[in-house]
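Here is how the chains run, residue by residue.
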Amino acid sequence: MFALPSCLQRFGLGLLALAACPQQLPAHFLFIHLVRGPLPRIELHFAESAWDLSVNQQMIEILAGARAWRPGGEALTCESRPFGLVAPLAPQQDAACAALTFGLLDRGEPFLLEYYAKGIGHLTAGATASGLAAEILAEPIADAEGRLRLTILFNGRPAPGAEVVVPTAGTFTDTVTADGDGRVEIDAPATPVFALRAMIREERQGEHEGQSFNLVKHYTTLTVHDLARAPADCDSLAWGLLMDARHCCASNQPLDSHWRANFDSIIGDERVQGQVGGGAAGVTATPVGDAAAVAEQLQLLSWPPDPGTLDGEPVGFAEGRIAGDAVHIQTANAQLHFTVADRRLASVRRNNANGAEHLEVTDWKLTHEDRLLPKQLALVSFDADQAILSVALFERRYTELGDVQFIERQHGTMIRSSAPIVEASIRFTDIETIVANPSSAAPRRSP
């Protein structure tokens, strides 16, 4: 093991626990998930979004008052887990419902807060009303590919003017208002897990636990799991959250394409040039000069690994799952361990017989499409005894090519055992994307 500067010692020792500071969440809602795979189940969460899940024990305790049932009214018996409430998922079950009376809030005047949730395993179940006091129906529009029609119901009738929150193509959401028929039309989200939310105001006098109110706010969610897209041997919720993080990252390439470019690499006093090509699965190079001198730089280009290449490797939640502001997902052999926080692939750890490599994304850039790019990254290598062998701190700059952001330049610092600290950079020119089926699209080059 070698000595690092004091600032990097603190960084290295705290790296595994590094995470973005928990944000103050403006509001939480009731969500219900249908999960298939090795452990079929229904999960209830009280969270800000369907991607966040329950963030602490307090959110799980709030769920204790929830009622859950299968379509037709059969009650579900939920058991508390360190990460939420869980109930059995029946074979072929494609929907589940839940409701929760939260109580009174006083924001200038007291109002009663009611929550409702429905989870479905595919959109074909989205058009059937379940009898919730407030609910969202969703169905594809027959003559408009990629579009959904939402209908907001209150007590079985359309709810004109309902406030509806829908996912956008990026990482944000839009708030829209239901028309006179309680309807909204939106682009169908591309991710395998997503949720819709609606709020209906009801002017009604009543009393709750001895306190009177004149207003009720009904919040209802519809959580969609495209279970048909999840590999059968994967936990469909873990897989869906991982694929959502992949979708939110604008630097992931289509799985059916690859790219090539010229490169110019400098590490310390050594300069190597050549050609490089790659795709979702990795990068290869044909350098002119010392191949070993550029190998470490090229290795960094494969971090973080693309979750889309894991279809042949079952994934699930890591052991010891608890509520938190991040979820930990790993491959069945525990070789790869992903941390997903706020729809971002925040870190990846790769274990092997000789030790491990651990990457943290320490800063992100937002694209004009509201997607994310890893801007600043740190990769630390450990030996079998978990001693730090090397640290690479680097920053990336991207160029847009079609629908994908490609790395145009990567630069930073490498600190290695038995070697001095060196500055390193690699720049790419004449970047070209090539689709798997050449007849479907022409190659595209960077400016």
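Above this note sits the structure.
A. Looking closely at the overall build of the protein chain. The helix and strand tally for the protein chain stands at 4 helices and 28 strands. When each of the 447 residues of the protein chain is scored for burial, the buried share is 51%. The long-range fraction of contacts in the protein chain, counting pairs at least 24 apart against all pairs at least 6 apart in sequence, stands at 53%. Split by element, the accessible area of the protein chain, about 21,100 Å² in all, is 49% carbon and sulfur.

B. The pairing of strand E26 (residues 404-416), seen in detail. Pairing of strand E25 (residues 388-401) with E26 involves 12 bridges; the strand directions are antiparallel. Each residue of the ladder has a partner; that of arginine 396, found in E26, is glutamine 410. Between E25 and E26, which pair antiparallel and follow one another directly, the connecting turn spans 2 residues, one of which, glycine 402, has a positive phi of 70°.

C. Local environment of the side chain of glutamate 202. The residue glutamate 202 is located in strand E14 (residues 193-208) in this model. A polar side-chain atom of glutamate 202 sits 2.7 Å from a polar atom in the side chain of histidine 218. Apart from residues no more than four positions distant in its own chain, glutamate 202 is found in contact with Phe154, Asn214, Leu215, Val216 and His218.

D. How the structure looks around the nonpolar core. With 64 residues, the main nonpolar core has Leu150, Ile152, Leu196, Leu241, Leu242 and Ile329 as its most contacted residues. With sequence-adjacent residues up to four places away left out, leucine 196 is seen in contact with Ile136, Ala138, Leu150, Val165, Val166, Pro167, Ile186, Thr220, Thr221 and Leu222. Membership of the second largest hydrophobic core comes to 28 residues, among which are Phe29, Ala98, Leu100 and Phe111.

E. Up close: the pattern of salt bridges. Applying the stated criterion across every chain, the model contains 17 salt bridges. Notably, a salt bridge pairs lysine 118 with glutamate 135, separated by 2.9 Å at the nearest N-O pair. Remark: glutamate 135 occurs in strand E8 (residues 134-140) and lysine 118 occurs in strand E7 (residues 110-120); sequence separation between them is 17 residues. The same class applies to lysine 118 as to glutamate 135, namely buried.

F. Inspection of the environment of isoleucine 421 at higher detail. Within the secondary structure, isoleucine 421 is located in the loop between E26 and strand E27 (422-435). Classification of isoleucine 421 by relative accessible area gives partly exposed; the value is 46%. Note: C-alpha distance between isoleucine 421 and valine 391 (30 residues apart in sequence) is 9.7 Å.

G. Representation of the environment of isoleucine 62. In this fold, isoleucine 62 is placed in helix H2 (residues 57-62). In this structure the C-alpha to C-alpha distance between isoleucine 62 and leucine 30, which are 32 residues apart in sequence, comes to 9.9 Å. The contacts of isoleucine 62, once residues within four sequence positions are left out, are Phe46, Leu100 and Phe102.

H. Spatial organisation of the packing of aromatic side chains. Under the definition given, this model contains 8 aromatic pairs. Aromatic side chains phenylalanine 29 and tyrosine 115 sit 6.3 Å apart centroid to centroid with 80° between the ring planes, which places their arrangement in the edge-to-face category. Of this pair, phenylalanine 29 sits in strand E1 (residues 29-35) while tyrosine 115 sits in strand E7, placing them 86 residues apart in sequence. Here phenylalanine 29 matches tyrosine 115 in class, with each residue buried. Residues tryptophan 259 and phenylalanine 428 carry aromatic rings whose centres are separated by 5.9 Å and whose planes lie at 90° to one another, so their mutual orientation is edge-to-face. You can see tryptophan 259 sitting in strand E16 (residues 257-267) and its partner phenylalanine 428 sitting in strand E27, a full 169 residues away along the chain. No difference in accessibility class separates tryptophan 259 from phenylalanine 428, as the two residues are buried. Ring-pair connections join several aromatic residues into one group, and the members of that group are Phe29, Phe46, Phe102, Tyr115 and Tyr219. When the ring centre of phenylalanine 111 is taken as origin, the NZ or CZ atom of lysine 217, which lies over that ring, is 4.5 Å away.

I. Representation of the sheet that holds E7. Taken in spatial order, the 7 strands make up an open sheet running E3-E6-E7-E15-E14-E11-E12, and their pairing is mixed. The open sheet is flanked by strand E3 (67-69) and strand E12 (173-177), the only strands paired with a single partner. Taking the axes of each pair of neighbouring strands and ignoring which way they run, one obtains an average angle of 20° across the sheet. Across 9 bridges, the pairing between E7 and strand E15 (residues 211-225) is parallel. If you follow leucine 113 over to E15, its bridge partner there is lysine 217.

J. Region of the structure containing the side chain of serine 425. Structurally, serine 425 is set in strand E27. Its relative accessible area of 15% is what places serine 425 among the buried residues. Not counting residues within four places of it along the chain, the set of residues in contact with serine 425 comprises Asp264, Ser265, Ile266, Gln297, Arg409, Gln410 and His411.

K. Region of the structure containing the sheet that holds strand E4 (residues 79-81). Strands sit in the order E1-E2-E5-E4 across an open sheet of 4 strands; the sheet is antiparallel. Both outer strands of the open sheet, E1 and E4, are each paired with one neighbouring strand and no more. Recorded for the sheet is a direction-independent mean angle of 30° between the axes of neighbouring strands. Sheet topology note: the strand E2 (residues 41-47)/strand E5 (residues 84-88) ladder contains 4 bridges and is antiparallel. Paired with isoleucine 42 across the bridge in E5 is alanine 87.

About the thresholds
Along each chain, numbering runs from 1 in the same order as the chain's sequence is written. The model is predicted, so local features are restricted to residues of pLDDT at least 70 and side-chain atom pairs to those at 80 or more, both for listing and for counting; the totals for chains, interfaces and linings are taken over all residues. As a rule here, side-chain values come from all non-hydrogen atoms in the structure, and water together with hydrogens is ignored. Only runs of H or I of at least four residues qualify as helices and only runs of E of at least two qualify as strands under DSSP, and these elements are numbered from the N terminus. Working definition: with a 1.4 Å probe on protein chains only, accessible area under 20% of the residue-type maximum means buried, over 50% means exposed, and in between means partly exposed. The contact criterion used throughout is that any non-hydrogen atoms of two residues lie within 4.5 Å. We get accessible surface area from the Shrake-Rupley algorithm with a probe of 1.4 Å; when it comes to residues, only the shown protein chains can shield them. Two strands are counted as paired when DSSP detects at least two bridges linking them. Any N or O atom pair separated by 3.5 Å or less is treated as a polar contact, with the protein-specific requirement of one donor-capable and one acceptor-capable atom, and with residues adjacent in sequence counted only for side-chain atom pairs. Definition used in this section: a nonpolar core is a set of buried Ala, Val, Leu, Ile, Met, Phe, Trp, Tyr and Cys residues joined via side-chain atoms within 4.5 Å. Salt bridges are defined by distance alone: a side-chain nitrogen of Lys or Arg within 4 Å of a carboxyl oxygen of Asp or Glu. Planes of paired rings set the category: under 30 degrees apart is stacked, over 60 is edge-to-face and the rest tilted, where pairs are Phe, Tyr or Trp rings (Trp by its six-membered ring) whose centres lie within 6.5 Å. Counted as over-ring charges are cases with an Arg CZ or a Lys NZ within 6 Å of the ring centre that also lie within 35 degrees of the ring normal. A fitted line through C-alpha atoms serves as each axis, taken over the contacting stretch for helices, and the angle formed by two N-to-C directions is quoted from 0 to 180°.

Note that every value here comes from positions in space, so none of it alone points to a role or purpose.
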